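# Chain and residue survey
Here is how the chains run, residue by residue.
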Amino acid sequence: MKKLKSILSIAVLAAFTFTSCQTEESELINEGESTNSASSKTADLLVRSSASDGSDDDILDGISCASVVYPVVAEINGQEYTLTNEAMLSLVVDIFGSIKGDDDFVEFKFPIQMQLSNYTVVTINNEDEFEALKDACDDADDSRDDIIKCLDINYPVTLLTFDASAQQTGSVVITGKREMYHFIDDLEDNQFFSIDYPITATSASSGTITITSDAQLAQELESCEAEDDAEDEAEDLADDLEDELEDLMADANFRIESTLTTMAFLADYTFEFANDGEIIVRNAATGIVQDVEGEYDFESETEVFVEIEFEGSTIFSVLEGTYEVVSQTATRIELQSTTNAALKLTLLKS
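A brief report on the enclosed structure follows. (Residues numbered from 1 in each chain as written. Predicted model: local features only at pLDDT ≥ 70, side-chain atom pairs only at ≥ 80, totals over all residues. Heavy atoms only, no water.)

## Things to note about the overall build of the protein chain
For clarity, the cut-off: Only DSSP runs of H or I with at least four residues qualify as helices, and only runs of E with at least two residues qualify as strands; both kinds are numbered from the N terminus onward. Each residue is assigned to one of three classes by its accessible area relative to the maximum for its type, calculated with a 1.4 Å probe on protein chains only: buried under 20%, partly exposed between the two thresholds, exposed over 50%. Any pair of residues with heavy atoms lying within 4.5 Å of one another is described as a contacting pair. Each accessible area is a Shrake-Rupley estimate made with a 1.4 Å probe; only the visible protein chains count as cover when residues are assessed.
The secondary structure content of the protein chain amounts to 7 helices and 20 strands. Relative to its full complement of 350 residues, the protein chain shows a buried share of 41%. Sequence separation of 24 or more characterises 58% of the internal contacts of the protein chain that already satisfy a separation of 6 or more. For the protein chain, the accessible area works out to roughly 17700 Å², and carbon and sulfur atoms hold 46% of it.

In structure tokens form, the structure reads like this:
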């Protein structure tokens, strides 16, 4: 999952209304440890975990702090499309992946609307305004904390409230992320809240967990955020490596060496990994192209993998499979089979 940044101060948000007073709420809100102001650590974590995540459509807009409001018309690699919902992002992925090594681009038909991380919807009228928003998001990278998306609080959540100026207690039921964000963002200096524990939250790694205090909430959010940051860094490195490999493999012919003696015959051939995903096999001595159809593709998350396939039954079918990229230089790529620990391939630039 990629690094997420938020712009949390672009628009003024509507005030939230507090509700009824109760004696037990007054007792809870004055316990001290669980009482939070707008500047408390708990409030900061709640804002960051409830902000709108604009990264899911980055392949379309390239802006992690804002998301496109559908429908939107865009020219994608020279062809105009109308995208009506988020599910259609898979179409963009397919278009970008159809030709390896080409320059992918998206050009919107303005005006478009975009939702910011504070849930404000703004109208972008032209390319200059779009680039300005992108620049603002990039500038926020150095001055804002990440949005936290690795742990989802399960709503509804009840917050106990206290207004010091009016000496009034109350409670409010928060039904989703947007309400939580607005509640925290609208808190004034003399207004306080506490969470009515226990609450539950869900994470991909731990499933559903029960949280009983602010301290545990902070621990869970900070712990998953640290894991998220490490994964983001690994994904960025994998993306960089994949780009380098695509350029390297599409720019040369390779000889393939294998750790299996049954593949010794590969020394008689060279392999070209074309930028359209085709594998072209030539006789090393004569340069004659062999009558075989091979394909390759990259997959990367925190590691980079190369998938090799040949159509029909051929002597080169022994190469078929998925390989992890172990190392690479300008002239050498080491691959390890993901299914056969004894099978390693070395691609040597001819």
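Still more ground to cover, so stick around.
## Observations regarding helix α6 (residues 177-185)
Taken residue by residue, α6 has Met-180, Tyr-181, His-182, Phe-183 and Ile-184 as its buried positions. Where α6 is buried, its residues touch α2 (41-50), β8 (157-163), β9 (168-174) and β10 (191-195).

## Focus on the sheet that holds strand β7 (residues 151-153)
Just so we agree on the cut-off: Two strands qualify as a pair provided DSSP detects at least 2 bridges between them. Here, axes are lines fitted to C-alpha atoms. For helices the fit covers the stretch in contact, and angles between N-to-C directions go from 0 to 180 degrees.
Reading across from one edge, β7-β11-β12 is the order of the 3 strands in this open sheet, with antiparallel pairing throughout. The two strands at the open ends of the sheet, each matched to only one other strand, are β7 and β12 (207-211). Mean inter-strand twist for the sheet, computed between neighbouring axes without regard to direction, equals 30°. Here 3 bridges tie β7 to strand β11 (residues 199-203), and the two strands are oriented antiparallel to one another. If you follow Leu-151 over to β11, its bridge partner there is Ser-203.

## Brief notes about the nonpolar core
For clarity, the cut-off: Each nonpolar core is a collection of buried residues, namely Ala, Val, Leu, Ile, Met, Phe, Trp, Tyr and Cys, held together in the definition by side-chain atoms within 4.5 Å.
With 31 residues, the main nonpolar core has Leu-46, Leu-159, Phe-183, Ile-184, Phe-193, Ile-195 and Leu-217 as its most contacted residues. Each residue touching Ile-184, except ones within four places of it in the same chain, is listed here: Ala-43, Leu-46, Val-47 and Phe-193. Phe-271, Val-304, Val-306 and Leu-335 belong to the second-largest nonpolar core, a separate cluster that totals 30 residues.

## Quick look at unusual backbone geometry
Cis geometry marks the peptide bond from Phe-110 to Pro-111, where omega comes out at 5°. With respect to the helices and strands, the residue Pro-111 is situated in the loop between β4 (106-108) and β5 (112-116). Even without a glycine there, the phi angle at Asn-77 is positive, about 50°. One can find Asn-77 in the loop between β2 (72-76) and β3 (79-83). For Asn-77, a relative accessible area of 24% translates into the label partly exposed. At Tyr-119, a residue that is not glycine, the phi angle is positive and equals roughly 75°. Take Tyr-119: it is sitting in the loop between β5 and β6 (121-124).

## Side note on the side chain of Ser-337
Defined as follows: Throughout this description, a polar contact denotes any pair of N or O atoms lying within 3.5 Å of each other; where both atoms belong to protein, one of them has to be capable of donating a hydrogen while the other can accept it, and for residues adjacent in sequence the pair is counted only when both atoms sit in side chains.
Positionally, Ser-337 belongs in strand β19 (residues 332-337). A distance of 3.0 Å separates a polar side-chain atom of Ser-337 from the backbone nitrogen of Asn-340. Leaving out residues up to four positions away in the same chain, Ser-337 has contacts with Thr-322, Tyr-323 and Leu-343.

## Side note on the packing of aromatic side chains
Operational definition: In this analysis, rings of Phe, Tyr and Trp, with Trp reduced to its six-membered ring, are considered paired at centre separations within 6.5 Å, and the interplanar angle assigns stacked below 30 degrees, edge-to-face beyond 60, and tilted for intermediate values.
Per the counting criterion, the structure on display carries 12 aromatic pairs. Residues Tyr-296 and Phe-298 carry aromatic rings whose centres are separated by 5.9 Å and whose planes lie at 85° to one another, so their mutual orientation is edge-to-face. For the pair formed by Tyr-296 and Phe-298, the shared burial category is buried. Grouped by ring-pair contacts, the aromatic residues Phe-265, Tyr-269, Phe-271, Phe-310 and Phe-316 constitute a single cluster.

## A short note on the sheet that holds β9
Ordered in space as β9-β8-β10, the 3 strands form an open sheet in which the pairing is antiparallel. With one partner strand each, in any of the chains shown, β9 and β10 form the two edges of the open sheet. Within this sheet the neighbouring strands show an average axis-to-axis angle of 25°, counted without direction. Note that β8 and β10 share 5 bridges and pair antiparallel. Paired with Leu-160 across the bridge in β10 is Ser-194.

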